[in-house]
Amino acid sequence: MNPAGGTSWPSYLDYGDEQPVQLNMAAIIVEGARLRRRRRLAKAAATALVCGLVPAAVIIEQAGTGSGAPTAAPVSALWAGTNRLGIDLVQSSVRNEVSLPHRYQQVSSLVGDVTRPGVWFWGRTTSRISLFHLDRNDTLKTWSVLPLSSRLRTGSASGFAVTAAGVAWLGLNSTLIRIETRTGQVRSWAIPAPRAAGTARPAVEALAASANGKVAVAMSNSSSIAMFNQRTDRFAEVRMPASTDQPRSMAFARDGTLGVSFTDSSRLGQAGVYLLPRSGPQFMENVDDAIGVTPYGANSLIVGVAKPDLVTTVGHVTQLVGPTDLIHLDVATSAPAQLPNNKLSTVVGPGYLSYPVGAQSVTAAKTSSVLYLAAPNSCGTVTVRLPGSAATQPTEPAPSTCPWPFRLLTSDSAGDVWVVPAASKRTVELLQKKKEK
Amino acid sequence: VGREDDVAEFSAFVANNQAKMVRLAELLTGDRSRAEDLAQHGFAQAYAAWRRIRAGEPDLYVRRCIVNAHTDWWRRRSWREQPFALIPQEPVISDASAALAEREMVLRALARLTQRERLVLVLRFYLDLSELEIAAQLKIAPGTVKSAASRALGKLRTDAELRAERVS
């Protein structure tokens, strides 16, 4: 046990330790490189402050103007008011943050607490899953499921939902896990393979839980969803309208209607939403984008991210008018989060965008929209790309920048915005922002 | 020296020192998983400063990072996981070997010391640092180091479990 011969470690404290030690070298290098970049940035910022310089953290790049060269603009002028984008720019900063220890894999789901300010997420090590709740006072609570069975150890597909009653539902590979956070009781069920599944082993693609205890699960490579009945511990399979319709995302509206967005695997770009009311017949509507589903208002759902539609539970579909030219599909990959005052937020290249739901025109939408810029991070400068008309508009991020600042974004009952930054995948941050108009 | 050379050199450094650092961290924390986290944190800090510290004594740098991170970790209680419920889904196969029992016993005895006594004991006798070095690292008076070390040794000498083991 005592590594240095001749040291005075008491012999009665010696013990043979044959357990091999193998640290994760790749994780050390990645974390070390992140720390190094952070130190350099801090040093540069301190130098700029001492010298009275304005750090050029934001570069405004006008696409299609012909020159091609990025134009630096004074940060203070941009952040203070309306700019050429036509919407307000506000600098966001990190108010609280928590990072999971190295043994955890990246945070892959983030769910806002619907009853109080806070956020739910889960983490996984090689031997266990832990559910976490973090509030705005930095209080972190943990519930553990120990140990992982072998069937849960591999795979990355998952679904996650937490009800207002504090019941967390986690779908991992082909297992549904229920964690009752008030009592700590944990139960799990094997989800039956859908009949239409191919040869690939199906895994949970999406999961939704309603306030009245209904749970729906969509599996990969299938054209059906599984409705779980907690009273009987049984799953019932509900088929999608066509055998080529593959569920992508789902959520319960507040009136209990389940909305399942799907794409048609036989027709590229064809998307729809399948509505399953609490009572009455099920029906489908066509939408533009099936990436995410978010409950909105008393009886509506927002379906899509890049081209969101407002879908009422009786089937009225209205395309939202907003600054959608700022939302790029390659960036916005998760459902928009609901903010107070009938607004939604979604991840965009330089940060996140808050935009209104009921605007009548693009101009009106831009007037009420705010682009919250992410703080300069280890990825380097924040780049704002203006939408241009030229076909040669660059869409690829500069090599030194992250393609997007946040991997995940959600909001809680107080309208606080929580994110997982792209630069640090085991970190959950609460963003500080100015009050909106 | 290029970045690839840096990585190769650093990887060799980690390979040669990881066992030592994990064991140091385990003595400080009493928990193998947390010890590996601490060691990994220390090595990541060292990688961030590698070009500056490589020519000196990088192992001392890692050691200092581990001790400091452990102290910080201990102070920030909210970071500690607090399992709400542990529901085993599979039987845990226990290793009842004598070595494991002995190791657990030593860690339990160390856990019965106060945080400061444990820290001082490990730095003083496991790492063989001088009282002055420990005082500088922990930012306390040398006299405090001396008294804490003496108290810790006294407690361990009279620790019932360790005494029983010695007698048997």
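Residues numbered from 1 in each chain as written. Chains lettered and ligands numbered in written order. Predicted model: local features only at pLDDT ≥ 70, side-chain atom pairs only at ≥ 80, totals over all residues. Heavy atoms only, no water.

Enquirer: What exactly am I supposed to notice about the overall build of chain A here?
Expert: The secondary structure content of chain A amounts to four helices and 32 strands. Within chain A, the proportion of its 437 residues that are buried is 52%. Counting only contacts in chain A whose residues sit at least 6 apart along the sequence, the fraction spanning at least 24 positions is 47%. (Helix = DSSP H or I, 4+ residues; strand = E, 2+ residues; numbered from the N terminus. Buried < 20%, exposed > 50% of the residue type's maximum accessible area, 1.4 Å probe, protein only. Contact = heavy atoms within 4.5 Å.)

Enquirer: I tried to follow the overall build of chain B on my own but got confused; where do I start?
Expert: The helix and strand inventory of chain B stands at nine helices and one strand. Ordered by position in the sequence, the α and β elements of chain B form the string α-α-α-α-β-α-α-α-α-α. Taken across its 168 residues, chain B has 45% of its residues classed as buried. A total of about 8,700 Å² of accessible surface is found on chain B, and carbon and sulfur atoms cover 52% of it. (Areas by Shrake-Rupley, 256 points an atom, 1.4 Å probe, with all protein chains shown as cover.)

Enquirer: Explanation requested: the side chain of Asp412 of chain A in the structure shown.
Expert: Residues and elements named next belong to chain A. Looking at the secondary structure, you find Asp412 in the loop between β30 (406–411) and β31 (417–421). It turns out Asp412 is buried and unbridged, and the closest side chain with the opposite charge, Arg136, is 5.6 Å from it. One polar contact links the side chain of Asp412 to the main-chain amide nitrogen of Gly118, over a distance of 3.0 Å. A distance of 3.0 Å separates the side chain of Asp412 from the backbone nitrogen of Asp416, its partner in a polar contact. In this view, Asp412 contacts Gly112, Asp113, Arg116, Pro117, Gly118 and Trp418; residues no more than four positions away in its chain are not counted. (Lys, Arg positive; Asp, Glu negative; His and termini not counted. Salt bridge = Lys/Arg side-chain N within 4 Å of Asp/Glu carboxyl O. Polar contact = N/O pair within 3.5 Å; in protein donor to acceptor, adjacent residues only side chain to side chain.)

Enquirer: What's the story with the sheet that holds strand β24 (residues 317–319) of chain A in this structure? I'm lost.
Expert: Strand pairing within a sheet occurs via backbone hydrogen bonds; the two strands may be parallel or antiparallel. All names here are of chain A. Taken in spatial order, the four strands make up an open sheet running β21-β22-β23-β24, and their pairing is antiparallel. Unpaired on one side and paired on the other, β21 (293–296) and β24 mark the two borders of the sheet. Neighbour-to-neighbour, the strand axes of this sheet turn through a mean angle of 25°, independent of strand direction. Summarising the sheet, strand β23 (residues 309–312) and β24 pair through three bridges and their orientation is antiparallel. The residue of β24 that forms the bridge with Leu310 is Thr318. (Pairing = 2+ DSSP bridges. Axes fitted to C-alpha atoms, helices over the stretch in contact; angles between N-to-C directions.)

Enquirer: How do you make sense of the sheet that holds strand β16 (residues 234–239) of chain A when you look at a structure like this?
Expert: Residue and element names in this part refer to chain A. One open sheet holds the four strands; their spatial order is β13-β14-β15-β16, and the pairing between them is antiparallel. Among the strands making up the open sheet, the edge pair consists of β13 (204–209) and β16. Each strand of the sheet is rotated relative to its neighbour by a mean of 25°, with strand direction disregarded. Both strand β15 (residues 224–229) and β16 contribute to a ladder of six bridges, which runs antiparallel. Among the inter-strand pairings, Asn229 is bridged to a residue of β16, identified as Arg234.

Enquirer: It is not clear to me how the nonpolar core should be interpreted in this structure. Could you clarify?
Expert: As a rule of thumb, soluble globular proteins bury nonpolar side chains together. Counting residues in hydrophobic clusters, the biggest one holds 58 residues, and the most contacted among them are Leu13 of chain A together with Phe10, Phe43, Leu121 and Leu156 of chain B. Ranked by residues supplied to this core, first place goes to helix α1 (residues 3–29) of chain B with nine residues. (Core = buried A, V, L, I, M, F, W, Y, C linked by side-chain atoms within 4.5 Å.)

Enquirer: Please clarify how the packing of helix α7 (residues 131–138) of chain B against helix α8 (residues 142–157) of chain B should be interpreted in this entry.
Expert: Each pair of packed helices gets described by two things: the angle between the helix axes and the distance between those axes. Residue and element names in this part refer to chain B. Interaxial distance between α7 and α8 falls to 8 Å at its minimum, and their mutual angle equals 110°. One way to sum up the angle between α7 and α8 is to call them roughly perpendicular. Every residue of α8 that contacts α7 at Glu131, Leu132, Ile134 and Ala135 is listed here: Pro142, Val145 and Lys146. Among the residues making up the contact of α7 with α8, the classes are represented as five nonpolar, no polar and two charged. (Parallel < 35°, antiparallel > 145°, perpendicular 65-115°, else oblique. Nonpolar A, V, L, I, M, F, W, Y, C, P; charged D, E, K, R; others polar.)

Enquirer: I'm lost on helix α2 (residues 32–48) of chain B in this one. Help?
Expert: Between its terminal C-alpha atoms α2 of chain B stretches 24 Å, which fits the 24 Å expected from 17 residues at 1.5 Å a residue. The element α2 of chain B is largely enclosed, with a buried count of 13 among its 17 residues. (Expected span 1.5 Å × (residues − 1).)

Enquirer: So what exactly am I meant to see when it comes to the confidence of the model for chain A here?
Expert: For residues with low pLDDT, the predicted coordinates do not support detailed interpretation. Residues and elements named next belong to chain A. Chain-level statistics for chain A give a pLDDT mean of 74 and a share of 72% at 70 or above. Within the model, pLDDT remains below 50 along residues 48–83, and this stretch shows 54 contacts once partners closer than five positions in the same chain are excluded. Across residues 378–401, where pLDDT falls below 50, the model places 57 contacts with residues more than four positions away in sequence or in other chains. (pLDDT = per-residue confidence, 0-100.)

Enquirer: Would you mind showing me how to read α7 of chain B here?
Expert: The periodicity of an α-helix, 3.6 residues per turn, causes residues three or four places apart in sequence to face the same way. Residue and element names in this part refer to chain B. Among all positions in α7, only Ile134, Ala135, Gln137 and Leu138 are buried. In an axial view of α7, the angular spread of the buried residues amounts to 165°, which keeps them on one side of the axis. Summarising the geometry of α7, the exposed residues directed more than 90 degrees from the buried face are Leu132 and Ala136. Lys139 sits one or two residues past α7 and shows a positive phi near 60°. (Arc of directions from axis to C-beta.)

Enquirer: In this structure, what is going on with the pairing of strand β12 (residues 185–190) of chain A? I would like to understand it.
Expert: Within a regular strand, side chains alternate between the sheet's two faces. Residues and elements named next belong to chain A. Bridging between strand β11 (residues 175–180) and β12 involves six bridges; their strand directions are antiparallel. Of the residues in β12, the one forming a bridge with Arg178 is Arg187. Between β11 and β12, which pair antiparallel one after the other, the connecting turn spans four residues, and Gly184 there sits at a positive phi close to 85°.

Enquirer: Hey, could you run me through the packing of aromatic side chains in this one?
Expert: Here the distance between the centres and the angle between the planes together describe a pair of aromatic rings. Residue and element names in this part refer to chain A. Within this structure, the stated rule accounts for 13 aromatic pairs over all chains. Seen in terms of ring centroids, Tyr104 and Phe132 are 5.7 Å apart; in terms of plane orientation they differ by 70°. Their pairing is edge-to-face. A residue pair is termed long-range when its members are at least 10 positions apart, and Tyr104 in the loop between β4 (93–99) and β5 (110–112) and Phe132 in strand β7 (residues 129–134) qualify at 28 residues. With a relative accessible area of 2%, Tyr104 lands in the buried category. Geometrically, the ring pair formed by Trp169 and Phe228 is edge-to-face, given 6.0 Å between the ring centres and 65° between the ring planes. Here Phe228 lies in strand β15 and Trp169 lies in strand β10 (residues 167–172), a separation of 59 residues in the sequence. Of the two residues examined, Trp169 and Phe228, each falls in the buried class. (Phe/Tyr/Trp six-rings, centres within 6.5 Å; stacked < 30°, edge-to-face > 60°.)

Enquirer: What exactly am I supposed to notice about the pattern of salt bridges here?
Expert: Two side chains carrying opposite charge are able to pair once their charged atoms lie near each other. Under the counting rule described, the total for this entry stands at 13 salt bridges over all chains. In this structure, Arg34 of chain A and Glu31 of chain A form a salt bridge, with 3.0 Å as the shortest nitrogen-oxygen distance. With Arg34 of chain A and Glu31 of chain A both in helix α1 (residues 25–51) and three residues apart, the pair spans about one turn of that helix. Judged by relative accessible area, Glu31 of chain A falls into the buried class, the value being 16%. Taking the shortest distance from any N to any O, the salt bridge between Glu180 of chain A and Arg178 of chain A comes out at 4.0 Å. For the residue pair Glu180 of chain A and Arg178 of chain A, the accessibility class agrees, reading buried in each case. Overlapping salt bridges, with partners in common, bring together Asp6, Glu9, Arg51 and Arg54 of chain B in one network.

Enquirer: Mind showing me how you'd approach unusual backbone geometry here?
Expert: Among all residues except glycine, the phi angle is most often negative; among peptide bonds, the trans geometry is most common. Residues and elements named next belong to chain A. With phi around 55°, Asn221 is a residue other than glycine that occupies positive phi space. As for its placement among the helices and strands, Asn221 is situated in the loop between β14 (215–219) and β15. With phi around 55°, Asn342 is a residue other than glycine that occupies positive phi space. Within the element layout of this structure, Asn342 appears in the loop between β25 (337–339) and β26 (343–348).

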